[in-house]
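Architecture and fold: a report
Spelled out, the chains give:
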Amino acid sequence: MDLTPYLQGQTRSGGEEPLLSVAFTGRIALAMKGRFFLRCFCESFSENTRIGCAVTDEQSCLNYIQRNRFDLLLCTDLLEKGNGFELARKARKHQSDLKVVMLALSDAIPVEHSNAPWLEAVVAEADIIEDRKPLEAAVMAVMGNHSYRSPSLRSDELPYLSCPRLTPREYEVLDRLARGMSDKEISEDLVVSEQTARTYTKRLLRTLEVNNRVQAVLKGMRCGMVQI
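Notes on the structure in this doc start here. (Residues numbered from 1 in each chain as written. Predicted model: local features only at pLDDT ≥ 70, side-chain atom pairs only at ≥ 80, totals over all residues. Heavy atoms only, no water.)

**Considerations on the overall build of the chain**
We apply this condition: The numbering of helices and of strands both runs from the N terminus, where a helix is a DSSP run of H or I of at least 4 residues and a strand a run of E of at least 2. Here the globule rule reads 2.2 Å times residues to the power 0.38, and the radius of gyration is calculated from C-alpha atoms. Relative accessibility thresholds used throughout: buried, under 20% of the residue-type maximum; exposed, over 50%; partly exposed, between the two (1.4 Å probe, protein chains only).
Counting its regular elements, the chain contains 10 helices and 6 strands. Computed over the C-alpha atoms, the radius of gyration of the chain is 17 Å, within 12% of the 17 Å expected from 2.2 N^0.38 for a compact globule of 228 residues. Across its three principal axes, the chain shows a C-alpha extent of roughly 50 × 40 × 30 Å. Per-residue burial for the chain yields a buried fraction of 55% across its 228 residues.

**Notes on the packing of helix α2 (residues 58-67) against helix α3 (residues 84-94)**
Selection rule: Between N-to-C directions, angles span 0 to 180 degrees; the directions come from axes that are lines fitted to C-alpha atoms, helices contributing only their stretch in contact. Should an angle fall under 35 degrees it is called roughly parallel, over 145 degrees roughly antiparallel, and 65 to 115 degrees roughly perpendicular, with every other angle called oblique. Less than a right angle of anticlockwise turn of the near helix away from the far helix marks a crossing as left-handed, whereas a clockwise turn marks it as right-handed. Throughout, a contact is declared for two residues whenever any of their heavy atoms are within 4.5 Å. Classification used: nonpolar for Ala, Val, Leu, Ile, Met, Phe, Trp, Tyr, Cys and Pro, charged for Asp, Glu, Lys and Arg, polar for all others including Gly.
At a minimum axis separation of 10 Å, α2 and α3 run at an interaxial angle of 15°. In terms of orientation, α2 lies roughly parallel with respect to α3. In this structure, the crossing between α2 and α3 has a hand that is right-handed. Judged by residue contacts, Glu58, Cys61, Leu62, Ile65 and Gln66 of α2 engage Glu86, Leu87, Lys90, Ala91 and His94 from α3. The class makeup of the residues in the contact of α2 with α3 is 5 nonpolar, 2 polar and 3 charged.

**Section: the state of the cysteines**
The cut-off we apply is this: Sulfur atoms of two cysteines make up a disulfide when they are within 2.5 Å.
Scanning the model with the defined rule gives 1 disulfide in all. Each sulfur of the disulfide joining Cys163 and Cys223 lies 2.1 Å from the other. For the disulfide bridge between Cys163 and Cys223, the dihedral angle about the S-S bond is near -85°, and by the sign convention the bridge is left-handed. Taken together, the positions of Cys163 in the loop between α6 (151-155) and α7 (168-178) and Cys223 in the segment after α10 (213-222) put the pair 60 residues apart, joining distant regions of the chain. The cysteine Cys40 is free of any disulfide, with Cys42 supplying the nearest cysteine sulfur at 9.4 Å. Overall, Cys40 belongs to the buried group, its relative accessible area being 12%. This cysteine, Cys75, is not joined by any disulfide, and Cys61 carries the nearest cysteine sulfur, 7.3 Å off.

The structure is reproduced here in structure tokens:
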């Protein structure tokens, strides 16, 4: 999936804590597992024009990087096709000064990559759920030419996770969020007003005790409530 041509028409979700509040002035490449992560990370930057690549597979991202210069690669370890770690290795081989921040959906770094010099910053999904601001810390670290590992990866111990019970409607909303649907698309799918869909989403965030959609879906994944 390639969302790059549609970035200018991207609508933002209102009323939620932003995923990233760090100002970044360079050119950004995104390679994420699924439409949901792509949409949320695209919304994280105030200027979509800085995003020159928004895809869900390894090869498409490499094609963009080989044609254009990028300053930051944000990717997940799991992709729809290919592997985030291999993407980071190949991208850095092509452009040695590219900054890389990896979101580890598997909450781990493969042993063969643990000390790789091209793997500058890795964030465990568990730490994003815990709201420790690891993504911001990771981006700031690579901008300052430093390496970073989020708390769970440094301690090799995942934080305790409490999984609340959801209502049938909350399950429906969580499933649609995980599919990358906006409030408007959720309203159309559930045959309710857009305002009602927005209210449903806010209630889901409160039930899960999270601040944004990324945290909601990641917590839902770890609790076995939804899959990407």
